Amino acid sequence: MATTEVFPASEPARWLYLDRIRTRPGPFTDPEIFSGQAVAEAMEAMKVLVIGAGGLGCELLKNLALSGFKDIHVIDMDTIDISNLNRQFLFRQADVGHSKAEVAARFVEKRVKGVKITPHNCRIQDFDEDFYMQFQLVVCGLDSIEARRWINATLVNMVDEEVPDSYKPLIDGGTEGFKGQARVIFPTVTSCIECQLDMHAPRAAVPLCTLASIPRQPEHCIEWAHVIAWDQDKPFPELDKDDPEHITWLFQRALERAKEFNIPGVTYSLTQGVVKNIIPAIAATNSVIAAACCNEAVKIASNCAPFLGLPEENYMMYSGNDSVYTYTFKHEKKDDCPVCGQLARDLTVDPSWTLGELVESFAARPEAQLKKPSLRAEGKTLYMQSPASLEEKTRPNLDKKLVDLGLEEGQEIGVTDPAFATVVFKFKLKFTKQ
Amino acid sequence: MTEIIMSQTPPILHRPSEKERKYDRQLRLWAASGQAALESANILLVNSGAGTVGAETLKNLVLPGIGRFAIYDETQVSEADLGVNFFLDEASLGKSRSKSLTELILELNPDVQGTWYPNEELKTLDSLLAASPVFTIILYTHPISPEQLASLEAYGQKHKTPLVAIHSAGFYSYFQVNLRGAFPIVDTHPDETATTDLRLLGPWPELVSFADELTKDIDGLDNFEHGHLPYVVILLHYLKEWKVAHDGKYPATFKEKTELRKIVQAAARTNNPEGGEENFEEAAAAVVKTVVVPSLPSGLKEVFEYEHTDPVEQRSGFWLIADAVKQFYEKHQCLPLPGKLPDMKAESKVYIQLQSIYKAKARKDAAEVLQIAQAAPGGDLIDPAEVDLFCKNAAFVKLINATSGAATAVKISKADRLKSAADREFAADETAALSLSPFSLLPIYLALQATAHVGESSASSFDADSILASIAAQVPGAEKQERVIQAAQEVARAQGGELHNVAALMGGIVAQETIKIVTKQYIPADNTCVYDGIGGRVQVLRL
């Protein structure tokens, strides 16, 4: 086995370790799809897109640059904050305030000779399908579910059965504290991010009446300051969660509230954590998850070993809290996935609800998670968030009961949300028994 | 009104310092105490082979701010290094690898100090070990010479320094930690949901009278009061009624608890505008989980039953407190109350009162434990804060590597342990397909460690046959297993070379483990963790 020939591309001495693996078959390599001679050159010609230049993104760029990819693009709209420096290792104190994508790209280009990294200091939504079509692989290191859903829907929409190049494998990583996950998606072929949405259920919101009249936890006091007091007092024109002055204002109001009700535990740090929904993050976990993602990228690009995604396992869960644990499994594609499935998804509703209650419920439903839904039923518009004129016209419907709007058990409704412009989420109403 | 409040609070309300801002995302995990432990850590990395996994591990420790590190690496930087190691650049070619690595890794965090060896003064590993202040933990990468390994083992033995061996080649990698004796952890960070301990079947007088007062005229309460009874109070009320109806016995079986749940559900008022009561729903949902007889968790049982061999260890704060908690448990047949009350629907005032009843009882229990601990020889030095932490986490205290230091431990050689692990793992593989469980990763460990002392220069030792021969010498028969043969072939394919991603992944895991060991928070793996970069998973083995 060890005597099999190595097929380097450029700089054979430098890429010796990588070439031994990617250009020679191992015991698990599928000879049907593996061509050792072609691998190194093919990988050098590939274009890979990295989404996010944060904790995972910095790792992804380093890993891909040291995996034989030469043409990498990176998108991130954020600027560097001091709280990034404990893990986003391509940034230094002097970089605070600069574009993450630009600083990260410059650093890796300088460190790893021969790699071209093109930064895009903007939102993923600023690009159209033509832009995404140029890549052979997309690797995501994002903290927002919404951005993941957007790129997922975009890549699924781009699939054209007649055009093999239109299938862009999507590799996605995420971390929280000592835990994380890495998954591989072959759009329209395997379970997609939308199929897996219920794996990332939103945190249950505290009822407004608890905030308003019966707070018990420090978080309730902070949310009160954030949701109620801020709106009443409007101390600044718009809340900037990164402005310490704004956070201090919220903290003080939360503290007053806590004092009034004898609730211990309101601190500046907790205020910041609740208001910004801060997820703890460390370098070590990002290292694990980003490396797991890029390891799959190398295998997919070279076929030198079986990869996650096809045909079986496509999802690796990782936890370092208690010992070290992974669970690698196959997440099944869903026929009723609003993005890649054909069927409408069941939506359990109470028929005595008003349309307004239904509209509001979309944000918290694990299977929907839509913050600004507009609803249509066959042949009629139920509620539209925009334009303003249509919103005004459909607003009276919000107070009407579902049954009074003529909605029936089993009826299909279409839901759109500005965050996912290309997707119509199809739902089938299922009434709860009275 | 505003003026009064403003005058009571300092003008700048604990805005975070520069350092707190930089480390904010990790302080939320291990708090200031964990950070202080990291900042006083002194870590040695003995680096060799392709050298990336060690560098990646160190990167993940320097970023969160360990105190200092030293790298011992005898290699000069080669072309191949630049294709796999991010902390070397063109300017490093031909230079000392430890020097270049140290310089580029130090750029990551100005708070951290680092030095490199061999240098002009200290030319060998032995001289470095003899001359340095004691290391908190030592990481070393394979391949390593048997002589250097022996030096590290001896050092670890003498100073009780944990050693972590790391090996990464191609798609495969593992680490193995030697913790030097039993390693107790109090601050294990269990899942929030697992920590609820309400003592509904053993309420103390203050709790009983509080609940009685609120429920003495439960049917006469107006809808608002009734709908805001905390679920703890609701359950205590119906448990009391249950006892009266059942000869003074509490519901014990699942069936009885289901019955209780129905009683609670039926007691909810439905003739109100909401058509139900959220607090009664919470109460019903909590029955099965919270109506439980306190029992001794297995982790703590192991602590209670541990027999010491080392008298110095026995007099440490942890063991004195553990012994006091044991006495407390024997006397009361329950652990000290953790004192945390989950959130539940209730009026603010009532909830805060109930919360303080739980807190007061927790304080009382902790005070009793402290008193017992202080009465023991050496107990006068016990830190009350350590007692509080122990009492809060008692149910989740964990002893890692318990058997190694215990008096009752049968001393089995490492070689025999490996053989019996192989028997166990291969037997499990026979049924793996049936039980839908994944195959053992032990073959990967066997194949990698067959090359644990083989340098890049001796290429012939990397052929699959040599690897299998070496495995056969350790675990006779294993060399015939198909999965072992495949693992040997895969290791041969790499010829000691690293893949950056596999090294980075293992570097992340080892850094997590190092943080857990240094901060004594969360639970370290015991004792070997193997990664398969082809299947995309890990397995922890006790070898």
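Residues numbered from 1 in each chain as written. Chains lettered and ligands numbered in written order. Predicted model: local features only at pLDDT ≥ 70, side-chain atom pairs only at ≥ 80, totals over all residues.

Under an unreviewed UniProt entry, the name given to chain B is NEDD8-activating enzyme E1 regulatory subunit, and the source organism is Dichotomopilus funicola. Quoted verbatim from the Sequence similarities (unreviewed entry) field of UniProt, the annotation for chain B is "Belongs to the ubiquitin-activating E1 family. ULA1 subfamily." The record in UniProt for chain B states the following under Function (unreviewed entry): "Regulatory subunit of the dimeric UBA3-ULA1 E1 enzyme." (UniProt positions renumbered as here; feature names shortened; annotations may be inferred.)

With an unreviewed UniProt entry as reference, chain A is termed NEDD8-activating enzyme E1 catalytic subunit, source organism Dichotomopilus funicola. Chain A has a UniProt comment under Catalytic activity (unreviewed entry) that states "ATP + [NEDD8 protein] + [E1 NEDD8-activating enzyme]-L-cysteine = AMP + diphosphate + [E1 NEDD8-activating enzyme]-S-[NEDD8 protein]-yl-L-cysteine."

1. Some remarks on the overall build of chain A
Broken down by element type, chain A carries 13 helices and 13 strands. On C-alpha atoms alone, chain A measures out to a radius of gyration of 24 Å, which is about the 22 Å that the 2.2 N^0.38 rule sets for 434 residues. For chain A, with 434 residues in total, the buried portion stands at 47%. Residue pairs in contact within chain A that sit at least 24 positions apart in sequence constitute 65% of those at least 6 positions apart. (Helix = DSSP H or I, 4+ residues; strand = E, 2+ residues; numbered from the N terminus. Rg over C-alpha atoms; globule rule 2.2 N^0.38 Å. Buried ≥ 20, exposed ≤ 12 C-beta atoms within 10 Å, placed from the backbone. Contact = placed C-beta atoms within 7 Å.)

2. A look at the overall build of chain B
Each helix and strand in chain B was counted, giving 25 helices and 10 strands. Its C-alpha atoms put chain B at 85 × 65 × 55 Å along the principal axes. In chain B, which comprises 543 residues, the proportion classed as buried is 47%. Counting only contacts in chain B whose residues sit at least 6 apart along the sequence, the fraction spanning at least 24 positions is 72%.

3. Topic: the interface of chain B and chain A
Each partner contributes to the interface: chain B provides 74 residues, whereas chain A provides 71 residues. At 11 residues, helix H25 (residues 500-519) of chain B tops the list of elements feeding residues into the side of chain B that touches chain A.

4. Let's talk about the environment of Glu245(A)
Residues and elements named next belong to chain A. Position of Glu245 among the secondary structure elements: in helix H9 (residues 244-261). On the basis of neighbour count, Glu245 is assigned to the exposed category, with 10 C-beta atoms found within 10 Å. In the structure, Glu245 is positioned 171 residues away from Val74 in sequence and 32 Å away in space, judged by C-alpha atoms.

5. Overview of the UniProt feature "domain: E2 binding" (unreviewed entry) in chain A
Those residues carrying the UniProt feature "domain: E2 binding" (unreviewed entry) are residues 347-432 of chain A in this numbering. Within the segment residues 347-432 of chain A, helix and strand shares are 16% and 27% respectively, and the terminal C-alpha atoms sit 10 Å apart.

6. A short note on the confidence of the model for chain B
Residues and elements named next belong to chain B. Per-chain confidence: chain B averages 93 in pLDDT, with 95% of residues scoring 70 or above. Contacts from residues 1-12, a stretch scored under 50 in pLDDT, to residues over four places away or in other chains number 2 contacts. We note a pTM of 0.94 for the whole complex and an ipTM of 0.94 for its interfaces. (pLDDT = per-residue confidence, 0-100.)

7. Structural notes on the nonpolar core
With 233 residues, the main nonpolar core has Leu61(A), Val369(B) and Ala447(B) as its most contacted residues. Of the residues forming this core, the biggest block, 12 residues, is contributed by helix H11 (residues 283-302) of chain A. Excluding its chain neighbours within four sequence positions, the residues that come into contact with Val369(B) are Ile321(B), Ala324(B), Val325(B), Phe328(B), Pro336(B), Val387(B) and Cys391(B). Grouped together as the second largest cluster of nonpolar side chains are 30 residues, Leu214(B), Tyr231(B), Phe280(B) and Tyr358(B) included. (Core = buried A, V, L, I, M, F, W, Y, C linked by C-beta atoms within 7 Å.)

8. Description of the domain arrangement of chain A
Interfaces are often sized by the accessible area lost when the parts come together. All names here are of chain A. Annotation of chain A at the domain level lists domain 1 (16-201 + 281-329), domain 2 (208-276) and domain 3 (345-431). Computed over C-alpha atoms only, the centres of domain 1 and domain 3 are separated by 35 Å. Opposite the 10 residues of domain 1 that make contact, domain 3 presents 7 residues. (Domains from an automatic or database assignment.)

9. Structural notes on helix H17 (residues 348-375) of chain B
Each turn of an α-helix holds 3.6 residues, which means side chains three or four residues apart point in the same direction. Residue and element names in this part refer to chain B. In this model, H17 (28 residues) spans 41 Å end to end at C-alpha, consistent with the 40 Å of a helix rising 1.5 Å per residue. For H17, the full list of buried residues reads Tyr351, Leu354, Gln355, Ile357, Tyr358, Lys361, Asp365, Ala366, Val369, Leu370, Ile372 and Ala373. Residues of H17 that are buried in the fold lie against helix H9 (205-215), helix H11 (231-245), helix H16 (317-332) and helix H18 (384-393). (Expected span 1.5 Å × (residues − 1).)

10. Let's talk about the sheet that holds strand E13 (residues 425-431) of chain A
All names here are of chain A. Read across the open sheet, the 5 strands follow the order E9-E13-E12-E10-E11; overall the sheet is mixed. Where the open sheet ends on each side, the last strands, each with one partner, are strand E9 (345-349) and strand E11 (380-383). Put simply, the sheet's adjacent strands are angled 35 degrees from each other on average, direction ignored. Judged from the 5 bridges that link them, E9 and E13 form a sheet pairing that is parallel. Paired with Asp346 across the bridge in E13 is Lys428. (Pairing = 2+ DSSP bridges. Axes fitted to C-alpha atoms, helices over the stretch in contact; angles between N-to-C directions.)

11. Overview of the sheet that holds strand E4 (residues 137-141) of chain A
Residues and elements named next belong to chain A. Within the open sheet, the 8 strands sit side by side as E3-E2-E1-E4-E5-E6-E7-E8. Their pairing is mixed. The sheet is open, and its two edges are formed by strand E3 (116-120) and strand E8 (325-329), each paired on a single side. If you compare each strand with its neighbour and ignore which way they point, the axes differ by 15 degrees on average. Where E4 and strand E5 (residues 170-176) come together, 4 bridges link them in parallel fashion. Bridge pairing in E5 links Cys140 to Asp172.

12. Overview of the domain arrangement of chain B
With domains assigned, chain B is organised as domain 1 (18-181 + 500-541), domain 2 (198-290), domain 3 (298-400) and domain 4 (418-494). The gap between the C-alpha centroids of domain 1 of chain B and domain 2 of chain B is 54 Å.

13. A look at unusual backbone geometry
Note: most peptide bonds trans; most residues except glycine with negative phi. The peptide bond linking Leu310(A) to Pro311(A) adopts the cis configuration, its omega dihedral lying at -10 degrees. Each neighbour pair has its own omega, and for His142(B) with Pro143(B) the value is 0 degrees, a cis peptide bond. Mapped onto the elements, Pro143(B) comes out in the loop between strand E4 (137-141) and helix H8 (146-159). Residue Asn277(A) is not a glycine yet carries a positive backbone phi of 50 degrees. By secondary structure assignment, the location of Asn277(A) is in the loop between helix H10 (268-276) and H11. The exposure class of Asn277(A) is exposed, given the 9 C-beta atoms found within 10 Å. In this structure, Gln369(A) takes a positive phi of about 50 degrees despite not being glycine.

14. Remarks on the pairing of strand E10 (residues 537-541) of chain B
Residue and element names in this part refer to chain B. Among the 5 residues that make up E10, 4 are buried, leaving the element largely enclosed by the rest of the structure. Bridge analysis of strand E9 (residues 528-532) against E10 gives 5 bridges, and the strand direction is antiparallel. Bridge assignment links Thr528 to a residue of E10, and that residue is Leu541. Between E9 and E10, which pair antiparallel one after the other, the connecting turn spans 4 residues, and Gly536 there sits at a positive phi close to 70 degrees.

15. Focus on the packing of H9(B) against H11(B)
All names here are of chain B. Two numbers describe how H9 lies on H11: the axes approach to 9 Å, and their chain directions differ by 90 degrees. By the angle between their directions, the pair H9 and H11 is classed as roughly perpendicular. The segment H9 lies against H11, with Ala211, Leu214 and Thr215 engaging Val233, Leu236 and His237. Classifying every residue of the contact of H9 with H11 by side-chain character gives 4 nonpolar, 2 polar and no charged. (Parallel < 35°, antiparallel > 145°, perpendicular 65-115°, else oblique. Nonpolar A, V, L, I, M, F, W, Y, C, P; charged D, E, K, R; others polar.)

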